[in-house]
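Spelled out, the chains give:
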Amino acid sequence: MLTDNDSQAMHLVQVAQDGDYAAIIKLYQRYNLLVFRTAVLLLGDHAHAEEAAQDVFEQFAQRVRTYQPARGAFTAWLYQVTINMCRGVYRRTRLRAWLSLDRVLRSGFDISDGAPSPLQQLLRDEAHRQVWEAIQRLPFKLRAVVVLRYYHNFSYAETAQVLRCPIGAVRSRLLAAHDRLRNDLDEVYNVLPTD
Amino acid sequence: MSYQRIDDDIVLAYVDNQLDAVQRAEINAQLAAIPELHAEVATVQRLQCRLRAAFEVVDYLPVPHRRPTRTARRDRTRRLWLAGMIGVVVSMLIVATFITAQSITTPMLATQSFSTLVPLPPPSAKQTRPFTVTKPLPTGQLVFATLRDPAADGGCGRFGIYLLTSNTTPTRHLANGCNPVLSPNNQLVAYVRAGQLWVVDTAGDEERSVSDDGIVDGRIFPAWSADSRWIAFKMGRGGQTDIYRVNIDSGQLVRLTNSAAVAEDWTAFTPVWSPDGRQLAMIGSTNPWEPEENWDVYVMQGDGSELTRLTEHPAREGPIAWSPDGTRLLFWSDRDGESTNVYLMQTDGSQMMQVTHGVYDSRASWSPDGTQITLASIEDGQIYIANIERHTIKPITTGLPHSYNPIWSDDGQYIFFGAFADNGHLAWIYRVRPDGQQLAPLITTTNGLQWTQR
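Computed from a prediction, not measured in an experiment: that's the story for all the values here. Counting from 1, residues in each chain are numbered in the order their sequence is written. Chains carry letters from A onward and ligands carry numbers from 1 onward, assigned in written order. Only residues with pLDDT of at least 70 are given local features in this predicted model, and only at 80 or more are side-chain atom pairs given and counted; all residues enter the totals for whole chains, interfaces and linings. Remark: hydrogens and water are excluded; side-chain values derive from all non-hydrogen atoms of the structure.

Focus on empty space enclosed by the protein
Any empty space left between the atoms is revealed when a probe the size of a water molecule rolls over them.
Next up, step 1: Here the term cavity refers to a set of points on a 1 Å grid, laid over the protein atoms alone, in which a 1.4 Å probe fits but cannot get out; the term pocket refers to an open set having protein on both sides within 12 Å along at least five of seven lines, with lining residues being those that place an atom within 4 Å of a point. Grid points are joined across faces, edges and corners, and a volume is the space filled by probe spheres set on the points. Tallying each qualifying case throughout the model produces four cavities of 30 Å³ or more.
Next up, step 2: Considered as a void within the structure, the second largest cavity measures approximately 70 Å³ in volume.
Next up, step 3: For the lining of the second largest cavity, a count of residues per class yields three nonpolar, nine polar and no charged. Just so you know the grouping, Ala, Val, Leu, Ile, Met, Phe, Trp, Tyr, Cys and Pro go in nonpolar, Asp, Glu, Lys and Arg go in charged, and all remaining residues, Gly too, go in polar.

Okay, structure coming up:
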């Protein structure tokens, strides 16, 4: 299970809950990378990930008070907050697309115009790009499980802890994600030899 | 050997190394004998390898240290505005339908104003205190907040504000909210709830909102002036966030800063009154939530005039407390790098002196005679006393897991501080004599503790 082994981080969490602004900023700096990378993976879009990470930290000082150590590790809580914020951004972007009558099935994958984002520049490898696009076509719920399992290397139990769902639900969501990804990336797997 | 179908989720769990030893042994035995199963496992492994390889790209992304662009924010605002308009239209239709159907008139909700006195509901007989009183308070009163209902989600409304006293009724539930601060005359408690600044008397009889129509920043503690007549706080109003002060007697609300006039995106927060009530120290920063953005210590007159920047360092720093005689200002700074230390300067920014060398809490409290300060170390979790005149610092506690936010009592006889267990599941308010004697917990809770001071 996810645990908080970093004594200093735990102290910062406690004094941040008590309203210490310096501690809040230190936690912010410590976990900024984690939040942003998770957001990029969940949203597949650099600008949207920035927006989600900004949302997380703008509300961080207020929300940190709702964290209760007895209910799990701080990092698990932070992942929950990040995933919830990303879900909010995901819904907003879909609503925006709907309001602008842009109903063409867009993957949500770096749909911004103009110069390529840092993420687009990094995804020059076609194989990686295909995977990212396939991930973005997954329902958000399945996407979160895949990111926690295959990027953060969380066990099923840890993933269940973050998502606050039974381990069985993690297994079934992962299986559903696998099925969809295999279908989506069918051409890749059909040409690969089976051992 | 016949092929016994193995569920797909078992295959996935096998590849994910999430099966126990017995289950793995069973699959291993079948893998050698069943080519179809072997192929299935290999396919899952290939897919996972591709996922992991594709995800690694994110490790090379630069982490943004800028806010979303103004264009993006404007775009987002437009979207929120549009969604809000749709919501308003739908709500109006629903309300109109309801009124027509019920043939009743819905009374208008009265806006909370300063003069509105809201009697508190009587305490529920079922409500149990979310903490245990271990020892009575030696003297005076303390105020703290703790979660009333740990299972519920939400903001400040989940917290109960309690008064710890030395009389026969050791604790009293005053109100619900967070960031409670006791007035210097021990008669009122200011706190934040639902984006409003509230005041309740220490009898817990009446609470009232004093922040008019603004949105009070729930992250910032309100600050009482020494004469208990004014509260300074951060509030958003008319599209701009500033430091305001409100007169508790008349309800007069005065804006003290004009952020837009200082710089674009500049904001001020954590106001601290001087002992004579004539000046306020605070943090000023442009885009304070930028990880690389610096914060500086500013002072201004109590009417908002003569805004002066006292520190000009690219680190983060903020005021802690004025010395009792009002001649010096204690502040914290990250100018050493990752660690936070406590510094002292004259109130004009001169004669800066580093008080601590280590990693300290960014709160500290002066002894009433102004010769010493008490503060907490994040490194060893103990409470320390620094003698300002002798330039010495020593711990007064040992063996505590994590201590924080020590506060000297008005009579100088005790230091009160918060502490929590290694796993964070248990929190205390302690008291100790300045010489380290008579260490004892006053309150114990498992529900999270917001321990504050004036």
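With respect to the packing of aromatic side chains
Each aromatic ring pair is characterised by the separation of its centres together with the angle its planes make.
Next up, step 1: Two aromatic rings from Phe, Tyr or Trp, using only the six-membered ring of Trp, form a pair when their centres are within 6.5 Å; if the ring planes differ by under 30 degrees the pair is stacked, by over 60 it is edge-to-face, and anything between is tilted. This model, assessed by the stated rule, comprises 18 aromatic pairs over all chains.
Next up, step 2: Arranged with centres 5.4 Å apart and planes meeting at 10°, the rings of B:F417 and B:Y430 form a pair that is stacked. Residue B:F417 is found in strand β28 (residues 415-420), and its partner B:Y430 is found in strand β29 (residues 427-432); the two are separated by 13 residues along the sequence. Just as B:F417 is buried, B:Y430 falls in that class too.
Next up, step 3: Counting every residue linked through ring pairs, the aromatic cluster contains A:Y31, A:Y67, A:F74 and A:W77.
Next up, step 4: One cation-aromatic arrangement involves B:R193 over B:W198; the distance from NZ or CZ to the ring centre is 4.4 Å.
Next up, step 5: In this structure, B:R335 packs its charged tip against the face of B:Y343, placed 5.4 Å from the ring centre. In this description a helix means any DSSP run of H or I spanning at least four residues, a strand means any run of E spanning at least two, and both kinds are numbered starting from the N terminus. In this scheme, a residue with accessible area under 20% of its type's maximum is buried, one over 50% is exposed, and one in between is partly exposed, where area comes from a 1.4 Å probe on protein chains only. For a Lys NZ or an Arg CZ to count as sitting over a ring, it must be within 6 Å of the ring centre and within 35 degrees of the ring normal.

Looking at the interface of chain B and chain A
Next up, step 1: Only heavy atoms enter the contact rule, under which two residues are in contact if any of them lie within 4.5 Å. On the side of chain A, 73 residues touch chain B, which itself brings 86 residues to the contact.
Next up, step 2: Buried area: the accessible area, evaluated with a 1.4 Å probe, that two parts lose upon being put together, summed over both parts. Interface area, chain B with chain A, both sides summed: about 7300 Å², of which 60% is carbon and sulfur.
Next up, step 3: Here a salt bridge means any side-chain nitrogen of Lys or Arg lying within 4 Å of a carboxyl oxygen belonging to Asp or Glu. In this structure, the connection of chain B to chain A is made through five salt bridges.
Next up, step 4: For B:D334, the salt bridge goes to A:K26, with nearest N and O atoms at 2.9 Å.
Next up, step 5: Elements with a minimum of two residues in the side of chain B that touches chain A: α1 (8-15), α3 (35-55), α4 (70-102), β6 (178-182), β23 (360-366), β27 (402-408) and β31 (449-451) of chain B.
Next up, step 6: In terms of residues, the side of chain B that touches chain A owes the most to one element, α3(B), which gives 15 residues.
Next up, step 7: Here the side of chain B that touches chain A is composed, by residue class, of 41 nonpolar, 21 polar and 24 charged.

Some points on the pattern of salt bridges
Next up, step 1: All told, the structure shown has 17 salt bridges over all chains when counted by the stated rule.
Next up, step 2: Measuring nitrogen to oxygen at the nearest pair gives 2.7 Å for the salt bridge that ties B:D296 to B:R309. Taken together, the residues span a long stretch of sequence, with B:D296 in strand β17 (residues 296-301) and B:R309 in strand β18 (residues 308-309) at a distance of 13 residues.
Next up, step 3: Take B:D296: its relative accessible area is 2%, and that puts it in the buried class.
Next up, step 4: Overall, B:R309 belongs to the partly exposed group, its relative accessible area being 36%.
Next up, step 5: Among the salt bridges present, the one from B:D361 reaches B:R363, with a minimum N-O distance of 3.4 Å.
Next up, step 6: For B:R363, a relative accessible area of 11% puts it in the buried group.
Next up, step 7: Here the salt bridges share partners, and the residues they tie into one network are A:E51, A:D55 and A:R92.

Looking at helix α9 (residues 156-163) of chain A
Residues and elements named next belong to chain A.
Next up, step 1: Most of α9 is tucked away, with seven of its eight residues classed as buried.
Next up, step 2: Of the residues making up α9, those classed as buried are Y156, E158, T159, A160, Q161, V162 and L163.
Next up, step 3: R164 sits one or two residues past α9 and shows a positive phi near 50°.

Some thoughts on the pairing of strand β19 (residues 317-322) of chain B
All names here are of chain B.
Next up, step 1: For β19, the buried fraction is high: six of the six residues fall into the buried class.
Next up, step 2: Here the rule is simple: two strands pair whenever DSSP picks up at least two bridges between them. Of the pairings in the sheet, the one linking β19 to strand β20 (residues 328-333) comprises five bridges and is antiparallel in character. Within the sheet, the bridge partner assigned to A321 lies in β20 and is L330.

Observations regarding the environment of A:A127
Next up, step 1: Mapped onto the elements of the fold, A:A127 is located in helix α7 (residues 126-136).
Next up, step 2: Sequence separation between A:A127 and A:D179 is 52 residues, and the spatial gap between their C-alpha atoms is 18 Å.

What to know about the side chain of B:Q240
All names here are of chain B.
Next up, step 1: Mapped onto the secondary structure, Q240 falls in strand β13 (residues 240-247).
Next up, step 2: Look at Q240 and you get buried, because its relative accessible area is 19%.
Next up, step 3: At 2.8 Å, the side chain of Q240 forms a polar contact with the side chain of D242.
Next up, step 4: Contacts of Q240, omitting those with residues within four sequence positions, involve M235, R255, N258, S259 and A260. A 3.5 Å cut-off defines polar contacts: any pair of N or O atoms within that distance qualifies, except that in protein one atom must be a possible hydrogen donor and the other a possible acceptor, and neighbouring residues in sequence count only when both atoms are side-chain atoms.

Focus on α7(A)
Next up, step 1: By the burial criterion, the buried members of α7(A) are A:H128, A:V131, A:W132, A:A134, A:I135 and A:Q136.
Next up, step 2: Residues of α7(A) that are buried sit in contact with α2 (21-43), α6 (118-122), α8 (140-150) and α10 (167-184) of chain A together with α3 of chain B.

Side note on the packing of α8(A) against α3(B)
Next up, step 1: At a minimum axis distance of 10 Å, the contact between α8(A) and α3(B) shows a crossing angle of 85°. When the axis of α8(A) is compared with that of α3(B), the two are roughly perpendicular. Side by side, α8(A) and α3(B) meet where A:V146, A:V147, A:R149 and A:Y150 of the first sit next to B:Q48, B:L51, B:R52 and B:F55 of the second. Axis definition: a line fitted to C-alpha atoms, limited for helices to the stretch in contact. Angles are taken between N-to-C directions and run from 0 to 180 degrees. In what follows, roughly perpendicular refers to angles from 65 to 115 degrees, roughly parallel to angles under 35, roughly antiparallel to angles over 145, and oblique to any angle outside these ranges.

Let's talk about a nonpolar patch on the surface
Residue and element names in this part refer to chain B.
Next up, step 1: Patches draw on residues past 30% relative accessible area with no salt bridge. Two like charges within 9 Å are joined, as are two nonpolar side chains (Val, Leu, Ile, Met, Phe, Trp, Tyr) within 5 Å. Each accessible area is a Shrake-Rupley result for a 1.4 Å probe, and residues are judged covered by the shown protein chains and nothing else. On the surface, a nonpolar cluster with roughly 260 Å² of combined accessible area is contributed by I86, V90 and I94.
Next up, step 2: Along the chain, I94 turns up in helix α4.
Next up, step 3: Of the residues examined, I94 reaches a relative accessible area of 54% and is grouped as exposed.

Thoughts on the sheet that holds β23(B)
Residue and element names in this part refer to chain B.
Next up, step 1: An order of β23-β24-β25-β26 is seen for the four strands of this open sheet, with the pairing classed as antiparallel. The two strands at the open ends of the sheet, each matched to only one other strand, are β23 and β26 (392-395). Neighbouring strand axes in the sheet, compared pairwise and without regard to direction, differ in orientation by 25° on average.

Focus on the sheet that holds strand β30 (residues 440-445) of chain B
Next up, step 1: Within the open sheet, the five strands sit side by side as β2-β30-β29-β28-β27 (chain B). Their pairing is antiparallel. Edge strands, defined here as strands with exactly one partner in the open sheet, are β2 (132-133) and β27 of chain B.
Next up, step 2: Two elements, β27(B) and β28(B), share five bridges in a ladder whose sense is antiparallel. Bridge pairing links B:Y404 to B:G418 in β28(B).
Next up, step 3: Helix α1 (residues 7-17) of chain A rests against β27 and β28 of chain B of the sheet, and its axis sits at about 40° to β27(B).

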